[in-house]
Amino acid sequence: MISRRSMLPAAAALALLMTAGPALAQDKLKVLATFSILGDFVKNVGGDRVEVATLVGPNSDAHVYAPAPADAKKVADAKVVIVNGLGYEGWMSRLAKASGSKAPVVVASKGVKERKAPGGHGHGGADPHAWQSVANAKVYVANIRDALIAADPAGKAAYEANAAAYLGKLDALDADVKAAVAAIPADRRSTHDAFGYFQQAYGVEFIAPQGVSTEAEPSARDVARIITQVKKQKIPAVFLENIADPRLMERIAQESGARVGGKLYSDALTDAKGDAPTYLDMMRHNIKQISAALMS
């Protein structure tokens, strides 16, 4: 028989275990990233020392994002805020002011060689999609690493080790993308201006559909314009993120003669069940789709 006295130490130990979890969680550095791709970078660098939240989540478009009152609380609760910069989050300054946050706002793209976007793309002339070049993604990671160290000096060794390991994965990814592009015949490497940095880095030409943005579904006139453009510029493959209706895709293919490639991801990751739950998955998925469309 177990006496009441002998059970007390176990009960006390259980109470300690039950209270230890929340205490450890509270010690994590709270980091807020503006959208899912940045959030993934932070998770890879921060590891177990950070608690990461995002404003614009998976499968969501930052171009049409409208901050909610709950988002102001997310900003207020964060110890570090990571933004893309390059005019991407036009709503962020207002949100930060509304939150009253004093947390440092870190521009992850600092140091990236800025590319000008055709027509400005609503970002004041800058193309903000710098992460589409893996070399630029490495700049993002280094900036995030330094920001986390500044906010949590005790975690310096962990952040440096995590960043180094992830940068190694990015080097391997960069080499794989270059090899995949090299296998595409040079005369077929011409295919949304969100991929401008990818074009510069890897030599695959992307031509933006004229008069179409990711902020609205294309009209019949928009689709007709795309078909005309594809024919005129002899584009071998089209990848249209904002056309979800397969009948429209079939019409473009039938009337333009171009191959319709699979879906490309530019501004957001998917959830865990999708094709691109991480940045590494996103880039590998995109180059696989591009290669399949241009080599067939």
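Residues numbered from 1 in each chain as written. Predicted model: local features only at pLDDT ≥ 70, side-chain atom pairs only at ≥ 80, totals over all residues. Heavy atoms only, no water.

A short note on helix α5 (residues 134-151)
Right, on to step 1. Across its 18 residues, α5 extends 26 Å between first and last C-alpha, which sits within 8% of the 26 Å expected from 1.5 Å per residue.
Right, on to step 2. Within α5, the full set of buried residues consists of Val 134, Asn 136, Ala 137, Tyr 140, Val 141, Ala 142, Asn 143, Ile 144, Ala 147, Leu 148 and Ile 149. (Helix = DSSP H or I, 4+ residues; strand = E, 2+ residues; numbered from the N terminus. Expected span 1.5 Å × (residues − 1). Buried < 20%, exposed > 50% of the residue type's maximum accessible area, 1.4 Å probe, protein only.)

Quick notes on the environment of Gly 46
Right, on to step 1. You can see Gly 46 is positioned in helix α2 (residues 36-46).
Right, on to step 2. Here the alpha-carbon distance between Gly 46 and Arg 145, two residues 99 residues apart in the chain, equals 7.7 Å.
Right, on to step 3. What Gly 46 contacts, discounting residues up to four positions off in sequence, is Leu 148, Tyr 159 and Asn 162. (Contact = heavy atoms within 4.5 Å.)

What about the side chain of Asn 136?
Right, on to step 1. Along the chain, the position of Asn 136 falls in helix α5.
Right, on to step 2. Relative accessible area serves as the criterion here: at 12%, Asn 136 is assigned to the buried category.
Right, on to step 3. One polar contact links the side chain of Asn 136 to the main-chain carbonyl oxygen of Ala 130, over a distance of 3.1 Å.
Right, on to step 4. In this view, Asn 136 contacts Val 112, Ala 130 and Tyr 197; residues no more than four positions away in its chain are not counted. (Polar contact = N/O pair within 3.5 Å; in protein donor to acceptor, adjacent residues only side chain to side chain.)

Some points on the nonpolar core
Inside soluble globular proteins, nonpolar side chains tend to come together where they are buried.
Right, on to step 1. Within the largest apolar cluster, 70 residues are counted, with the highest numbers of intra-cluster contacts made by Phe 41, Ile 82, Leu 170, Phe 198, Tyr 279, Met 282 and Ile 290.
Right, on to step 2. Among the elements that line this core, the one with the most residues is helix α6 (residues 156-182), at 9 residues.
Right, on to step 3. If we skip the residues at most four places from it in the chain, Met 282 touches Ile 37, Trp 131, Gln 132, Tyr 265, Ser 266, Ala 268, Leu 269 and Ala 276.
Right, on to step 4. Listed in part, the 8 residues of the second largest apolar core include Val 223, Ile 226, Val 230 and Val 238. (Core = buried A, V, L, I, M, F, W, Y, C linked by side-chain atoms within 4.5 Å.)

Some remarks on the confidence of the model for the protein chain
Right, on to step 1. With 78% of its residues at a pLDDT of at least 70, the protein chain reaches an overall mean of 82.
Right, on to step 2. Every residue in residues 1-8 is under pLDDT 50, and counting partners more than four places away or in other chains gives 1 contact.
Right, on to step 3. Counted against residues more than four places away or in other chains, residues 10-23, with its pLDDT under 50, gives 0 contacts. (pLDDT = per-residue confidence, 0-100.)

Re the pattern of salt bridges
Right, on to step 1. Tallied over the entire structure, the rule returns 9 salt bridges.
Right, on to step 2. Taking the shortest distance from any N to any O, the salt bridge between Glu 114 and Lys 116 comes out at 3.0 Å.
Right, on to step 3. Here Asp 146 makes a salt bridge to Arg 145, at a shortest N to O gap of 3.0 Å.
Right, on to step 4. Judged by its relative accessible area of 22%, Arg 145 is partly exposed. (Salt bridge = Lys/Arg side-chain N within 4 Å of Asp/Glu carboxyl O.)

Re the packing of α2 against α6
Right, on to step 1. Between α2 and α6, whose axes approach to 7 Å, the crossing angle comes to 120°. Regarding the angle of α2 to α6, the classification is oblique. Across the interface between the two elements, Asp 40, Phe 41, Asn 44, Val 45 and Gly 46 from α2 touch Ala 158, Tyr 159, Asn 162, Ala 163 and Tyr 166 from α6.
Right, on to step 2. Along the lines of polarity and charge, the residues of the contact of α2 with α6 split into 6 nonpolar, 3 polar and 1 charged. (Axes fitted to C-alpha atoms, helices over the stretch in contact; angles between N-to-C directions. Parallel < 35°, antiparallel > 145°, perpendicular 65-115°, else oblique. Nonpolar A, V, L, I, M, F, W, Y, C, P; charged D, E, K, R; others polar.)

A word on the packing of aromatic side chains
Right, on to step 1. Enumeration over the complete set of coordinates arrives at 8 aromatic pairs.
Right, on to step 2. With 5.0 Å between their ring centres and 50° between their planes, Phe 35 and Trp 131 make a pair best called tilted. With Phe 35 in strand β1 (residues 29-35) and Trp 131 in the loop between β6 (126-127) and α5, this pair connects stretches of sequence that are 96 residues apart. Per residue, the accessibility class of Phe 35 equals that of Trp 131, and both read buried.
Right, on to step 3. Arranged with centres 5.5 Å apart and planes meeting at 70°, the rings of Tyr 88 and Trp 131 form a pair that is edge-to-face. With Tyr 88 in the loop between β3 (80-83) and α4 (92-99) and Trp 131 in the loop between β6 and α5, the pair connects residues that are 43 residues apart, well separated along the chain. Comparing Tyr 88 with Trp 131 shows no difference in burial state: the two are buried. (Phe/Tyr/Trp six-rings, centres within 6.5 Å; stacked < 30°, edge-to-face > 60°.)

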